[in-house]
Amino acid sequence: MMALDISQNKHADVSMEEKDRLFAEMKSDDRWNHVLNGCYECGICVASCPSAKFYDFSPRIIAQAAAREDTDLMYTLMSDSVWDCSQCFSCDRCPRENSPGQIITIMREVAVKNGLKTAKEALQGYGRIIYKIMLTGSQVSPDMLQPDAFPDWGTHVYEIADNLEDWRKALPPETLHTTETGWKIDEKTIIELYLIWHMTGVMDLIEGVDEGLYDIIVDVMEEKLEEAGYDDITFD
Ligand code: SF4
Ligand code: SF4
């Protein structure tokens, strides 16, 4: 297994001013002071973290780097490690009431908002999922499990894709015995979701990581919002 590479100057091409600026953006988040209170180095967060069992990943290192305000290391971590977190928040059992998972949420958001190349790469495989969820309000349907869509899921995705009908029949409940649909969301709910995403800046995040995907989604959203009487809402 490769060791977690947290060497300083790994991103020497990025100026310290830029790293400081990104860290300041994290710290300015209203949640920051509620999720970071210094670190005992006790390792309880690591012991409870599922991602730490499978990856070279440590919530303790992230909490410590944040507490020490090590902007260089924070940049390295936000360019790599943070994408290994499964956001389960088991690490919230920290005796200092830190939440490494929440710190990571903030780091990810800053990475996405600033269009970091590493964030775009990490989210590349999720374009189809984002597309499906945002246009239908529904979940990923099983027919989306195709090797070309999820190249990083390993070879077993071929077996699943090739035998999808059989897999679906083998899995309860009956309503999910389809390879084409999830469940239907009514139009009123879809419109509410579009308004929430518009008002909360979700669309800006999407634009930051994938402009092509953003354009496609916005076209559909604007049309549906107009039909529903929200013709004053635009995304530019
Ligand atoms: S559980 Fe809390 S105090 Fe202990 S190492 Fe993790 S972040 Fe630090
Ligand atoms: S939220 Fe992330 S860091 Fe915390 S326990 Fe879950 S996977 Fe680990």
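Everything below is about the structure printed above this text.
Structure report, in brief. The structure displayed is predicted, hence computed values, not measured ones. (Residues numbered from 1 in each chain as written. Chains lettered and ligands numbered in written order. Predicted model: local features only at pLDDT ≥ 70, side-chain atom pairs only at ≥ 80, totals over all residues. Heavy atoms only, no water.)

Let's talk about the overall build of the protein chain
Next up, step 1: When you go through the protein chain residue by residue, the secondary structure sums to 14 helices and zero strands.
Next up, step 2: Tracing the protein chain from N to C terminus, the helices and strands come up as α-α-α-α-α-α-α-α-α-α-α-α-α-α.
Next up, step 3: Every one of the 236 residues in the protein chain was classed for burial, and the buried ones make up 38%.
Next up, step 4: Considering only contacts within the protein chain whose residues lie at least 6 apart along the sequence, 66% involve residues at least 24 apart. (Helix = DSSP H or I, 4+ residues; strand = E, 2+ residues; numbered from the N terminus. Buried < 20%, exposed > 50% of the residue type's maximum accessible area, 1.4 Å probe, protein only. Contact = heavy atoms within 4.5 Å.)

Regarding the site of ligand 1
Next up, step 1: Taken together, 13 residues are adjacent to ligand 1, and Cys39, Tyr40, Cys42, Cys45 and Cys94 come closest.
Next up, step 2: Listed by contribution, the elements that provide at least two residues to the shell around ligand 1 are helix H3 (44-48) and helix H5 (59-68).
Next up, step 3: Looking at the shell around ligand 1 residue by residue, the classes come out as eight nonpolar, two polar and three charged. (Near = heavy atom within 4 Å. Nonpolar A, V, L, I, M, F, W, Y, C, P; charged D, E, K, R; others polar.)

Focus: the site of ligand 2
Next up, step 1: Taken together, 14 residues surround ligand 2, and among them Cys49, Cys85, Cys88, Phe89 and Cys91 come closest.
Next up, step 2: Taken together, the elements giving at least two residues each to the shell around ligand 2 come down to helix H4 (50-54) and helix H7 (100-113).
Next up, step 3: In terms of residue class, the shell around ligand 2 is built from nine nonpolar, five polar and no charged.

A short note on the side chain of Ser79
Next up, step 1: Mapping Ser79 onto the fold places it in the loop between helix H6 (71-78) and H7.
Next up, step 2: One polar contact links the side chain of Ser79 to the main-chain carbonyl oxygen of Tyr75, over a distance of 2.8 Å. (Polar contact = N/O pair within 3.5 Å; in protein donor to acceptor, adjacent residues only side chain to side chain.)

Overview of the packing of helix H1 (residues 16-27) against H6
Next up, step 1: At their nearest, the axes of H1 and H6 sit 9 Å apart, and the two run at 75° to each other. The pairing of H1 with H6 is recorded here as roughly perpendicular in orientation. Residues Met16, Lys19, Asp20, Leu22, Phe23 and Met26 of H1 pack against Thr71, Asp72, Met74, Tyr75 and Met78 of H6.
Next up, step 2: Here the contact of H1 with H6 is composed, by residue class, of seven nonpolar, one polar and three charged. (Axes fitted to C-alpha atoms, helices over the stretch in contact; angles between N-to-C directions. Parallel < 35°, antiparallel > 145°, perpendicular 65-115°, else oblique.)

Comments concerning the pattern of salt bridges
Next up, step 1: Evaluated as defined, the whole model comprises 10 salt bridges.
Next up, step 2: Residue Lys19 pairs with Asp72 through a salt bridge whose shortest N-O separation is 2.7 Å. Taken together, the positions of Lys19 in helix H1 and Asp72 in helix H6 put the pair 53 residues apart, joining distant regions of the chain. In this structure, Lys19 and Asp72 share a single accessibility class: buried.
Next up, step 3: In this structure, Lys27 engages Glu69 in a salt bridge whose closest nitrogen and oxygen atoms are separated by 2.7 Å. Of this pair, Lys27 sits in helix H1 while Glu69 sits in the loop between H5 and H6, and the two are 42 residues apart along the sequence.
Next up, step 4: You can call Lys27 partly exposed: its relative accessible area is 35%.
Next up, step 5: On the basis of relative accessibility, which here comes to 41%, the residue Glu69 falls in the partly exposed class. (Salt bridge = Lys/Arg side-chain N within 4 Å of Asp/Glu carboxyl O.)

Things to note about helix H9 (residues 127-136)
Next up, step 1: Listed in full, the buried residues belonging to H9 are Gly127, Ile129, Lys132, Met134 and Leu135.
Next up, step 2: Among the structural elements, helix H8 (117-123), helix H12 (187-199), helix H13 (202-209) and helix H14 (211-227) are those in contact with the buried residues of H9.
Next up, step 3: Positive backbone phi, at 75°, marks Gly137, one or two positions downstream of H9.

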